[in-house]
Amino acid sequence: MAGGRIRARLRRSHLYTFLRKPRGNESGAPHPIQGPGYSRTVHCNQPLLHQKKPYKYRSNYISTTKYNPITFLPKALFEQFRRVANIYFLLAAGLSLTSVSPFGPWSMIAPLAFVVGLSMAKEAMEDWNRFLQDMKVNLRKVNVHKGDGVFGYRPWHKIVVGDVVKVEKDKFFPADLLLLSSSYEDGFCYVETMNLDGETNLKVKRCLEVTSPLDDDGVFKDFTATVQCEDPNPNLYSFVGNLDHDRQIYPLEPGQILLRDSKLRNTSYIYGVVIFTGHDSKVMQNSTKSPSKRSGIEKKMDKIIYILFFILLVISLISSIGFGVKTRKDMPSAWYLRPDDAEDMYSPKKPAAAGAIHLVTALILYGYLIPISLYVSIEVVKVLQAKFINNDIHMYDEEHGTPAQARTSNLNEELGQVDTILSDKTGTLTCNQMDFLKCCIAGIAYGVRSSEVELAAAKQMATDLDDQDEHDEELANVPRNKHSQQVSWGNEVGSEIELETVVTSKDGKDPKPAIKGFSFVDNRLMDGNWLREPTCDVILLFLRILAICHTAIPELNEETGQYTYEAESPDEGAFLVAARELGFEFCKRNQSSVYVREKYPDPGQPVEREYQVLNLLEFTSKRKRMSVIVRDEDGQLLLFCKGADSIVFDRLSKNGRIYEEASTKHLNEYGEAGLRTLALAYKKLEESEYSAWNNEFQKAKSSIGADREVMLERVAEKMEKDLIMVGATAVEDKLQKGVPQCIDNLAQAGLKIWVLTGDKMETAINIGFACSLLRQGMKQICISTANVDTLGQDGKEAVKDNILNQITNASQMIKLETDPHAAFALIIDGKTLTYALDADMKHLFLELAVDCASVICCRVSPKQKALVTRLVRQGTGKTTLAIGDGANDVGMIQEADIGVGISGVEGMQAVMASDFAIAQFRFLERLLVVHGHWCYKRIAQMICYFFYKNIAFGLTLFYFEAFTGFSGQSIYADLYMLTFNVILTSLPVISLGVFEQDVSSEVCLQFPALYQQGARNLFFDWYRILGWMGNGVYCSLIVFFLNIIIFKDQSFRSDGQIADMAAMGTTMFSCIIWAVNCQIALAMCHFTWIQHCFIWGSIAMWYLFLLIYGIVTPTWSGNAYQILVEVLGPAPIFWSATLLVTLACNLPYIVHIAFQRSFNPMDHHIIQEIKYYRKDVQDQRMWKREASKARQETKIGFSARVDAKIRQLRARLHKKQPQSNAMSPL
């Protein structure tokens, strides 16, 4: 309905006490808008004025790409020539155009152009995909006022400052808007900012009363106003401005601003005027430019190439000096070279000039030491690796049809070297769904279904105890109840200690279909059975509190006949669903009352009861509670209160603490199970008592001034005391599927996990317990500070000193800890983090954080997320990975070495800024532990092998040149050298980089500790790199000198002829082809037909090439004419030399690997042998025991929780044993 008000003209302002109500000039004087930083002027509903300066602002078009059509060529070329090898080949290609080059120019220019062109094409393709995702956002439609009161749809990117837009329910705001009016009569709307700050609770926004009547399309025909406000800035929580309307000036506050990428909830529509567009919007101000990321291996590869450059320069200098000496001494006697008429290059009178010119020749000749094809091979391999990641069926989310996506392939190997994961909470670890799971009423616990944390921990505990049975007699004798439905965390029952397994329901089936928000199972309360409980009167009160104490609105679903609820928080919605399912259905709200349909005591005739709402004291993060004062149908005044247990317990009366002790015990158990808890209490009020309080309350509520909130808080405190405990709720903040197992396995892999969230501290701690980042017994270090906004400079210095003392004391406490099993968790809020990130304190903060088992940063802004990520990355020098799903995570995703976006149901900003995208957090385990492990080893082995084969090949050129008087002559034909890297050795190394597996994916997941091989860089450290380079030097020596020894002074053919240079060069080249291809075969652990085809096919390709090349006319083939058929093929010495040299080249590697596997095996060597001898199939118990032994001792994850529980059990048993021995007769 156009412009109409919804829900019986319900005035939402009636529900809110602490929310500031802007009332034009009554809410305060206009803000002083002047000076730098406050120059923006917005002409509302007059967008044409913003098409020219000085009011022309940035468009609403956004871009997260690295390039555009103008910058692509220069920026992409810069990226390519950041690689030092490419710079060398560019210079070599230029020199190849001169007469001193030993090769033709095409042989140098063509490979460089191919390599650089292919890499640039890959960059262009990846950036094009980013552009397409940007356009999905830019082409979203929104309703815009086009003039004369007519609205029409327009793409987001065509919105300009000053436009009036109409945003409908569940739609994102296209820009930063000033709220003008909403579908509620008093201008309220509900906004979900999860995409910005991670908060799951809905925010209440309210327009100025002067604009509230603008509730219909037609009224905007004549509407005009002017906004003077602050310039674009990244602060999400502040806004300063004034609205000039009808010659009146009204101050604007953050409560009237709707930020881009937040979403309209529980409100049919709103009207707003565009204030900030595109990259001026606050969310985009918090983002950073797409960085150019390079992997650690690629950076280290540059250092190796520097070493090869040094070697190249040294041997080139040796060659040029040798040539200069030879020219001076031997050239005069070489009369046939006409030394008296020689050019500078051969003039005996100018040996220095000859040596200098020869240096250029040598630098080009020995260029094969620098593997230009390495880069293109790596590009090909990484693209194919990315294809495997994209097509991994185990990372495909069937629910949303979303596969994993490697948005850039440059960082594949970095996935195998991650040290720290920095994760968002909401939408990443959790799915923003609350399920009512358990409760405690009158000190009695209800709810038999277990949380995900309990299920995972119980399963792990059963496995651990089975593994320890044969080694630990004490634990072997612990009785276990196999039929219980609850988890008993080692509680004593009689004289025994039970360990109970977990089931979710009887017979493995759920009797009813799943109800969203309600996972509660307990027959004592279901179906009205609570009426037979001895505490039924308390249960009745508990259910009424759930159904009445809230601010939600019911909506009837006509299809199901049931009510659904639009609540400010998922918790509140879960409570109402629970009350409905247990027989107390909240069905209506009007201006003054709520109505609850109560099924019991007669289920056949439910009774609709009215509760008159007199006052509502809403929940705030400071109060940590909410209360409602109601009058029931009997005229009884009641106060219902729900809030954090610590807050509610402090406000109980002496007579109201009957259930406190039992409830506290159950609340601790719920916390250990990772559940979010709230305590419920009530009190009855006398009419006179309420009347006196209400007069004082209304006086405070209607006051104007800065102390209004303080007065309201003080009056509320007077009422919320002397309460009577009723019970407590336990709600499961539903984690993404498989999150506890994923975190546990990542911890087993040796990864540290930090949580950075915009949510409040209590919520973050609850999720910490749910994810097993926190557990009972872990020492929590909470670093916080008071509100510093109102403090002067001296006060802030004092706060800073206080924070520094807290950090120093905490660090000292960790150092003095003597318990080897002690674990510490650091929890810090955003305000404190502002000081902790200062230059003089951040390194102390980082040292403390690194010493802690887990770190949780709450109430942090997007900018702070990025700063923390930068601190960890730069401060530790280790690889960081950031993962998130919202626009508030973009900064940290771009700042981390690897950014992973969750492609969930919300906006795609995180995915657009990420390097890899997955649908759920649990896929991160496979991405890192499987693909990361494989990619790291593949790339590391591939690079080492590349240097090995190029050194083996390139040094033979140097030996031959030295052997021939530093003449600059190559022993190989030009075409041989061109095919060496491009054809004859390229495919095997690509197959190594794409298909190699030291262990299967299943084993990677069973033995997550294998991941540490990458994190510790075992396969690309200097020991291994220099070992492979040494192997290349050895191979080159064997190939050259063994062939020289074999062929020197010996007949090559049956007629007594000796080998010429062509025969010798071809034989040596054949030996190199055999040696390097056999070497890669020995280095591989996993063979498919593809590897066999590529390796042995490459060798066969060499002989096929020789055959074809030998057939070609001598004009082209030169000395290689018929070289295989007539020269080499018939000569037995050619075949025997090839065999002998190949064996001699690979013998040291065979000896090395045999010695290592026998006396100093690596972890994967042992697993390979177990798999080879099929011991994992023949002896499953042994295989499980090995997997258990391979687990690293961690301090986070449910394995750490189980280990702590087993240690607790063992301590109890030790304590019981002396007592039983003392009681036994001597």
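Residues numbered from 1 in each chain as written. Predicted model: local features only at pLDDT ≥ 70, side-chain atom pairs only at ≥ 80, totals over all residues. Heavy atoms only, no water.

Some words on the overall build of the chain
Step number 1: Secondary structure summary: the chain contains 39 helices and 36 strands in total.
Step number 2: When burial is assessed residue by residue, the chain has 57% of its 1226 residues classed as buried.
Step number 3: Considering only intrachain contacts with a sequence separation of at least 6, the fraction spanning at least 24 residues in the chain is 75%.
Step number 4: Element-wise, carbon and sulfur atoms account for 56% of the exposed surface of the chain, whose accessible area totals about 51,600 Å². (Helix = DSSP H or I, 4+ residues; strand = E, 2+ residues; numbered from the N terminus. Buried < 20%, exposed > 50% of the residue type's maximum accessible area, 1.4 Å probe, protein only. Contact = heavy atoms within 4.5 Å. Areas by Shrake-Rupley, 256 points an atom, 1.4 Å probe, with all protein chains shown as cover.)

Considerations on empty space enclosed by the protein
Step number 1: Scanning the entire structure with this criterion turns up 5 cavities of 30 Å³ or more.
Step number 2: Around the largest cavity, the lining is made up of 28 residues, and of these Lys 66, Glu 123, Ser 292, Lys 293 and Asn 410 lie nearest the centre.
Step number 3: Among the elements of the structure, α1 (72-80), α3 (106-138) and α24 (909-913) are those that each provide at least two residues to the lining of the largest cavity.
Step number 4: Residues that form the lining of the largest cavity fall into these classes: 5 nonpolar, 9 polar and 14 charged. (1 Å grid on protein atoms, 1.4 Å probe; cavity = no way out; pocket = protein on both sides within 12 Å on 5 of 7 lines; lining within 4 Å. Points joined across faces, edges and corners; volume = space filled by probe spheres on them. Nonpolar A, V, L, I, M, F, W, Y, C, P; charged D, E, K, R; others polar.)

Some points on the environment of Asp 127
Step number 1: Relative to the helices and strands, Asp 127 is located in helix α3.
Step number 2: Look at Asp 127 and you get buried, because its relative accessible area is 6%.
Step number 3: Along the sequence, Asp 127 and Lys 66 sit 61 residues apart, while their C-alpha atoms lie 6.6 Å from each other.
Step number 4: Every residue in contact with Asp 127, bar those within four places of it in the chain, is listed here: Thr 65, Lys 66 and Tyr 67.

Focus on the layout of surface pockets
Step number 1: Empty space within the second largest pocket amounts to approximately 1,400 Å³.
Step number 2: Together, 48 residues line the second largest pocket, and Cys 431, Asn 432, Gln 433, Lys 516 and Pro 570 are the ones closest to its centre.
Step number 3: Only β16 (430-441), β22 (563-566) and α12 (570-581) provide two or more residues apiece to the lining of the second largest pocket.
Step number 4: Its residues placed into classes, the lining of the second largest pocket shows 15 nonpolar, 18 polar and 15 charged.

Some remarks on the sheet that holds strand β4 (residues 164-168)
Step number 1: The strand order across the open sheet formed by 6 strands is β3-β2-β4-β13-β5-β11, and the pairing between neighbours is antiparallel. Each having just a single partner strand, β3 (150-155) and β11 (257-258) make up the two edges of the open sheet.
Step number 2: When strand β5 (residues 176-182) meets strand β13 (residues 269-276), the two strands line up antiparallel, connected through 6 bridges. Within β13, the residue paired with Ser 181 across the bridge is Tyr 271. (Pairing = 2+ DSSP bridges.)

Focus: the sheet that holds strand β30 (residues 752-756)
Step number 1: One open sheet accounts for 9 strands, arranged β14-β36-β35-β34-β15-β30-β33-β32-β31; its pairing is mixed. Two strands bound the open sheet, and with one partner strand each, they are β14 (405-406) and β31 (779-783).
Step number 2: Here strand β32 (residues 824-829) runs beside strand β33 (residues 854-858); their pairing, made up of 5 bridges, is parallel. Looking at the pairing, Asp 829 lines up with Cys 858 of β33.
Step number 3: Strand contacts of helix α25 (residues 923-963): β15 (418-423), β34 (879-884), β35 (898-902) and β36 (916-918), with the helix running at about 140 degrees to β36, the strand carrying the most contacts. (Axes fitted to C-alpha atoms, helices over the stretch in contact; angles between N-to-C directions.)

A few points about the pairing of strand β23 (residues 584-589)
Within a regular strand, side chains alternate between the sheet's two faces.
Step number 1: A large share of β23 lies buried, amounting to 5 of its 6 residues.
Step number 2: Pairing of β23 with strand β24 (residues 593-598) involves 5 bridges; the strand directions are antiparallel. In the sheet register, Phe 584 faces β24, and the bridge partner there is Glu 598.
Step number 3: What sits between the antiparallel neighbours β23 and β24 is a turn of 3 residues.

Side note on the state of the cysteines
Step number 1: Tallied over the entire structure, the rule returns 0 disulfides.
Step number 2: Cysteine Cys 189 shares no disulfide, and the gap to the nearest cysteine sulfur, in Cys 207, comes to 8.4 Å. (Disulfide = S-S within 2.5 Å.)

With respect to the packing of helix α2 (residues 84-95) against helix α7 (residues 351-365)
Step number 1: Two elements in contact, α2 and α7, have axes separated by 10 Å at closest approach and are oriented at 125 degrees. Compared by their axis directions, α2 and α7 come out oblique. Considering how the two elements wind past one another, α2 and α7 form a crossing that is left-handed. Across the interface between the two elements, Tyr 88, Ala 92 and Leu 95 from α2 touch Val 360, Leu 363 and Ile 364 from α7.
Step number 2: For the contact of α2 with α7, the per-class residue count stands at 6 nonpolar, no polar and no charged. (Parallel < 35°, antiparallel > 145°, perpendicular 65-115°, else oblique. Left-handed = near helix turned anticlockwise from the far one by under 90°.)

Quick look at α12
Step number 1: The end-to-end C-alpha distance of α12 is 16 Å, a good match for the 16 Å that 12 residues give at a rise of 1.5 Å each.
Step number 2: Taken as a whole, α12 has its buried residues at Pro 570, Asp 571, Glu 572, Gly 573, Ala 574, Phe 575, Leu 576, Val 577, Ala 578, Ala 579 and Arg 580.
Step number 3: Looking one or two residues past α12, Gly 583 carries a phi angle of roughly 105 degrees, positive in sign. (Expected span 1.5 Å × (residues − 1).)

Points about the packing of aromatic side chains
Step number 1: Tallied over the full model, the rule gives 43 aromatic pairs.
Step number 2: Aromatic side chains Phe 958 and Tyr 959 sit 6.2 Å apart centroid to centroid with 55 degrees between the ring planes, which places their arrangement in the tilted category. The two residues Phe 958 and Tyr 959 agree in class, both being buried.
Step number 3: Ring-pair connections join several aromatic residues into one group, and the members of that group are Phe 953, Tyr 972, Tyr 976, Phe 980, Phe 1069, Trp 1102, Phe 1105 and Tyr 1109.
Step number 4: Sitting over the face of the ring of Tyr 57, Arg 40 holds its NZ or CZ atom 3.9 Å from the ring centroid. (Phe/Tyr/Trp six-rings, centres within 6.5 Å; stacked < 30°, edge-to-face > 60°. Lys NZ or Arg CZ within 6 Å of the ring centre and 35° of its normal.)

What to know about the environment of Glu 230
Step number 1: For Glu 230, the location among the structural elements is in the loop between β8 (225-229) and β9 (241-245).
Step number 2: Note on Glu 230: relative accessible area 6%, which makes it buried.
Step number 3: Along the sequence, Glu 230 and Thr 41 sit 189 residues apart, while their C-alpha atoms lie 8.9 Å from each other.
Step number 4: In contact with Glu 230, other than residues within four places in its own chain, are Gly 37, Tyr 38, Arg 40, Ser 238, Phe 239, Val 240, Phe 276 and Lys 282.
Step number 5: Engagement of the side chain of Glu 230 in a polar contact is seen with the side chain of Asn 233, the distance being 3.1 Å. (Polar contact = N/O pair within 3.5 Å; in protein donor to acceptor, adjacent residues only side chain to side chain.)

A short note on a nonpolar patch on the surface
Step number 1: Taken together, the side chains of Val 982, Ile 983, Met 1101, Leu 1104, Leu 1107, Ile 1108, Ile 1111, Val 1112, Trp 1116 and Val 1125 present a nonpolar region at the surface, about 930 Å² in accessible area.
Step number 2: Of all the secondary structure elements, the ones that give two or more residues to the nonpolar patch are α26 (974-984) and α32 (1089-1111).
Step number 3: Here the nonpolar patch takes 5 residues from α32, the largest share from any one element.
Step number 4: Relative to the helices and strands, Ile 1111 resides in helix α32.
Step number 5: Taking the relative accessible area as the measure of exposure, Ile 1111 reaches 54% and is therefore exposed. (Patch = residues over 30% accessible without salt bridge, like charges linked within 9 Å, V, L, I, M, F, W, Y side chains within 5 Å. Salt bridge = Lys/Arg side-chain N within 4 Å of Asp/Glu carboxyl O.)

So, the side chain of Thr 267
Step number 1: Tracing the backbone shows Thr 267 in the loop between β12 (263-265) and β13.
Step number 2: Here Tyr 190 takes part through its backbone nitrogen, which lies 3.1 Å from a polar atom of the side chain of Thr 267.
Step number 3: Other than its neighbours up to four places away in sequence, Thr 267 contacts Lys 169, Ser 182, Ser 183, Tyr 184, Phe 188, Cys 189 and Tyr 190.

Thoughts on the UniProt feature "transmembrane region" (unreviewed entry) in the chain
Step number 1: UniProt records the feature "transmembrane region" (unreviewed entry) at residues 304-325, 355-378, 946-963, 975-995, 1025-1047, 1067-1087, 1094-1112 and 1132-1155, using the numbering of this structure.
Step number 2: Within residues 1067-1087, the helical portion is 81% and the strand portion 0%, while the C-alpha atoms at the span's ends are 29 Å from each other. (UniProt positions renumbered as here; feature names shortened; annotations may be inferred.)

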